[in-house]
Each structure stands twice: as C-alpha cells, then as structure tokens.
Amino acid sequence: LLIVTDLDGTLLDHDSYSFDAALPALKRAAAASIPVIPNTSKTRAELLGLRERLGNADPFVIENGSAICIPEQHLHLYPEHDETEEGFIELPLGTPITEIRAVLDPLHAQFRFETFAQWSIDQVISHTGLSPGDAADALERRYSEALLWHDSEAARRAFVDILSSHHLHALQGGRFLSVLGKGADKGRALERLRQLYRSVLGETPLVIALGDSDNDIAMLETADVAVVIANAHRRAPQVNAPEVIYSRATGPEGWNEVIQQLLDRFQADEKR
Ligand code: 2M8
Ligand code: MG
Ligand code: MG
C-alpha cells in the first residue's frame, strides 16, 4: 500500500499550510510502514524543509510531476542510479524552467498574466501567505512556472494552444496556473513510481491518492482509491477512478478522516 498525496489544500491547510490535523493518520501510516509520498506543485527546495517538519523520509514528486526525487536510503527503488545530489537522485520527467520561461516571456505582450519570475519574495508572501523561507524556496523553480491569469477565458484558451505548440501545458492548482512540459503531470509521475515499487516488491502496490484541485486529476485517476479533499475555495475536481471518496472536512482534517477510515478497512482485511 502506498499513500500518494498532494500538499497544498490536501495534507496542508489551504491558508495556514499546517498539517497538524492530519497527525493521527500520519502516525498510523508511519506505524504500519506505509510510505506517504508527496506529489506536489512545490519545488524541491520547499520539500526539503517540509519533509523535515513532517518527519518524512519517503520519495517525493515535485513541480506537478516534473521530477521524482529518491532519497539515498531508498536507492534500492532505482538500482541503475547515477550520482546523488544533496542525498537524492532526481528522475526528471519535465522540461527545464529556462525553456518554459523562454516561451512565456514574449507572451506578456499578448496576454495579461503575472508569473513567479516577476515577483520578489515579499510579493510571493502576499499572494500565498507562505513564510519568508518557504516563499524563497518556492521561487527556486526548475521545471514549472506558476502564474496568475488576469485575462479572459477566450484569451486563456488561445494561450493554452500556443503553449501546446511548444510542447507545454497548463494545470490549475489551488491558487495558480502552472505551466510545464506536456509530458509531465502528477499521474505520469505516479505511474513511474508505481513501476519502481513494483520492481522491488515483486507485485504492484495498491495506491491511495489524495488531492483537491484540477492538477490532481491525472494522479487521482491513476490511483486505485482516489480521495478528493474538499476545498472551501474551489469546486471539487471531477474524477473517474475505480473508487472515489469525497472528504467531508477540508485540508488536513479531511485527510485525517479519510485515511483513518481507509486504514481501518485495509487493516481489517489483512487480519482476515
Ligand atoms: C503553488 O502551488 C499551489 C498548489 O496547488 C498552487 O498552484 O496554487 C506552487 O507554485 C508552490 O511552489 C507554492 O508553494 C504554492 C503556494 O501556495 O503555490
Ligand atoms: Mg492542492
Ligand atoms: Mg498541489
């Protein structure tokens, strides 16, 4: 069993970024040695801090499926590994940020939008409510640009068509539109991770995935059990999966509620 989870608005509260309400379920997963794998829009730099606060040492996926990071203690997942960097190997699935920004920069003349690249740390803080340290880490983007769209819906469709001709696509998160390589999304990253686990476990692990926004749909639809976490700020994404559970509570409270319920079910099944 693997738990694969979005962070903002899912494991973390949309506004306070706290995961406290999920601690009972997180502890239960840890006690049962079930990996909890973050699959997030956040950057590698943001994840390094967060994993420490969470006490999490499992692999993780950054920038909307743009890369899988495998820490040194999990290198058995990737036996053909090359060299580690700061204790990790990184399997890139996306497009370097320099290429993405080269496509976006001239589009400012045609459409109204603002990107993280244009923002100071203080502007990131005022748009997100992140701490100064996390805001600085969020600016360390390597495979995806986050932007605020200020133009019409019709203009947005034209923008997306242009992105597509450059092999890029746009995914809507809780606050921002992320622009990244067309070949990367949270679902493909989950598929790759599942293969890595299959090769070491000798069987395909069952996957519970949790998310709250449109950029989570590909991940939720790749999972065995899809958990849609309620978000007071947006309508719930439409998901087609073998089993879809909608949380009642939002954010980490919803995470806790549904994971406790699923662990009750899976642990009862194991005893039988
Ligand atoms: C961005 O991610 C959220 C996640 O859904 C969003 O798109 O609204 C990312 O760019 C991330 O780096 C940052 O931490 C987050 C802050 O809210 O915004
Ligand atoms: Mg989210
Ligand atoms: Mg996210």
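Further up the page is the structure itself.
This text gives an overview of the structure that appears in the document.

**Some thoughts on the pattern of salt bridges**
In total, this model carries 19 salt bridges according to the counting rule given. The partner of D6 in a salt bridge is K186, with the nearest N and O atoms 2.9 Å apart. With a gap of 180 residues between them, D6 in the loop between β1 (2-5) and α1 (23-31) and K186 in helix α7 (residues 186-201) connect regions that are remote in the sequence. Here R44 and E86 are joined by a salt bridge, their closest N and O atoms 3.7 Å apart. Separated by 42 residues along the polypeptide, R44 in helix α2 (residues 44-54) and E86 in the loop between β4 (67-71) and β5 (88-92) bring together distant segments of the chain. One salt-bridge network, held together by shared partners, links R44, E86, E90 and R142.

**Some remarks on the packing of aromatic side chains**
Remark: the centre distance and the inter-plane angle together describe each pair of aromatic rings, the angle taken between the planes. Going through the model one piece at a time under the given rule, you end up with nine aromatic pairs. Here F113 and F159 contribute two aromatic rings whose centre-to-centre distance is 5.3 Å and whose plane-to-plane angle is 50°, an arrangement assigned as tilted. Residue F113 is located in strand β6 (residues 113-115), and its partner F159 is located in helix α6 (residues 153-165); the two are separated by 46 residues in the primary sequence. Here F159 falls in the buried class, since its relative accessible area comes to 0%. Through a chain of ring-to-ring contacts, three or more aromatic side chains come together here, namely F111, F113, W149 and F159. Across the ring face of F116, the terminal group of R141 is positioned such that the distance to the ring centre comes to 5.1 Å. Sitting over the face of the ring of F266, R265 holds its NZ or CZ atom 5.6 Å from the ring centroid.

**Notes on the site of ligand 1**
Every one of the 15 residues lining ligand 1 counts as a neighbour, but Y17, K42, E46, R141 and R175 are closest to it. Taking R175, its main chain carries an N or O atom lying 2.4 Å from an oxygen atom of ligand 1. Taken by itself ligand 1 offers 410 Å² of open surface, and the protein chains cover 99% of this. Judged by its atoms lying within 2 Å of the grid points, ligand 1 is housed in the largest cavity. Taken together, the residues that form the shell around ligand 1 break down as six nonpolar, four polar and five charged.

**A closer look at the sheet that holds strand β12 (residues 243-250)**
Spatial ordering of the open sheet is given by β2-β1-β10-β11-β12, a layout of five strands whose pairing is parallel. Here the strands that pair on one side only, and so sit at the sheet edges, are β2 (36-38) and β12. The mean inter-strand angle of the sheet, taken between neighbouring strand axes irrespective of direction, is 20°. Summarising the sheet, strand β11 (residues 225-230) and β12 pair through five bridges and their orientation is parallel. Bridging across to β12, A230 finds its partner in T250.

**Things to note about the environment of R101**
Take R101: it is sitting in helix α3 (residues 97-107). Under the relative-accessibility criterion, R101 is labelled partly exposed at 21%. Residues R101 and D151, spaced 50 residues apart in sequence, show a C-alpha to C-alpha distance of 19 Å. Beyond its immediate chain neighbours, meaning those up to four positions away, R101 contacts A117, R141 and E145.

**Points about the coordination of the magnesium ion (ligand 2)**
Put simply, the ideal angle at a metal is 109.5 degrees for four donors in tetrahedral geometry and 90 or 180 degrees for six donors in octahedral geometry. In this structure, D6 (OD), D8 (O) and D212 (OD) serve as the protein donors to the magnesium ion (ligand 2), at separations of 2.1 to 2.2 Å. Counting the intervening residues between successive donors of the magnesium ion (ligand 2) yields the motif D-x1-D-x203-D. A distance of 3.5 Å spans the gap from the magnesium ion (ligand 2) to the magnesium ion (ligand 3), which D6 bridges by coordinating each metal. Within this pair, whereas D8 is found in the loop between β1 and α1, its partner D212 is found in the loop between β10 (207-211) and α8 (217-222), the two being separated by 204 residues in sequence.

**With respect to unusual backbone geometry**
In this structure, E63 takes a positive phi of about 50° despite not being glycine. Its place among the elements puts E63 in the loop between β3 (60-62) and β4. Overall, E63 belongs to the buried group, its relative accessible area being 0%. Notably, N64 is not glycine yet its phi reads approximately 60°, a positive angle. Inspection of the secondary structure assignment puts N64 in the loop between β3 and β4. Since its relative accessible area comes to 0%, N64 is described here as buried.

Criteria and cut-off values
Residues numbered from 1 in each chain as written. Chains lettered and ligands numbered in written order. Predicted model: local features only at pLDDT ≥ 70, side-chain atom pairs only at ≥ 80, totals over all residues. Heavy atoms only, no water. Salt bridge = Lys/Arg side-chain N within 4 Å of Asp/Glu carboxyl O. Helix = DSSP H or I, 4+ residues; strand = E, 2+ residues; numbered from the N terminus. Phe/Tyr/Trp six-rings, centres within 6.5 Å; stacked < 30°, edge-to-face > 60°. Buried < 20%, exposed > 50% of the residue type's maximum accessible area, 1.4 Å probe, protein only. Lys NZ or Arg CZ within 6 Å of the ring centre and 35° of its normal. Near = heavy atom within 4 Å. Polar contact = N/O pair within 3.5 Å; in protein donor to acceptor, adjacent residues only side chain to side chain. Areas by Shrake-Rupley, 256 points an atom, 1.4 Å probe, with all protein chains shown as cover. 1 Å grid on protein atoms, 1.4 Å probe; cavity = no way out; pocket = protein on both sides within 12 Å on 5 of 7 lines; lining within 4 Å. Sits in = over half its atoms within 2 Å of the grid points. Nonpolar A, V, L, I, M, F, W, Y, C, P; charged D, E, K, R; others polar. Pairing = 2+ DSSP bridges. Axes fitted to C-alpha atoms, helices over the stretch in contact; angles between N-to-C directions. Contact = heavy atoms within 4.5 Å. Donors = N, O, S within 2.8 Å, 3.2 Å for Na, K, Ca; no water.

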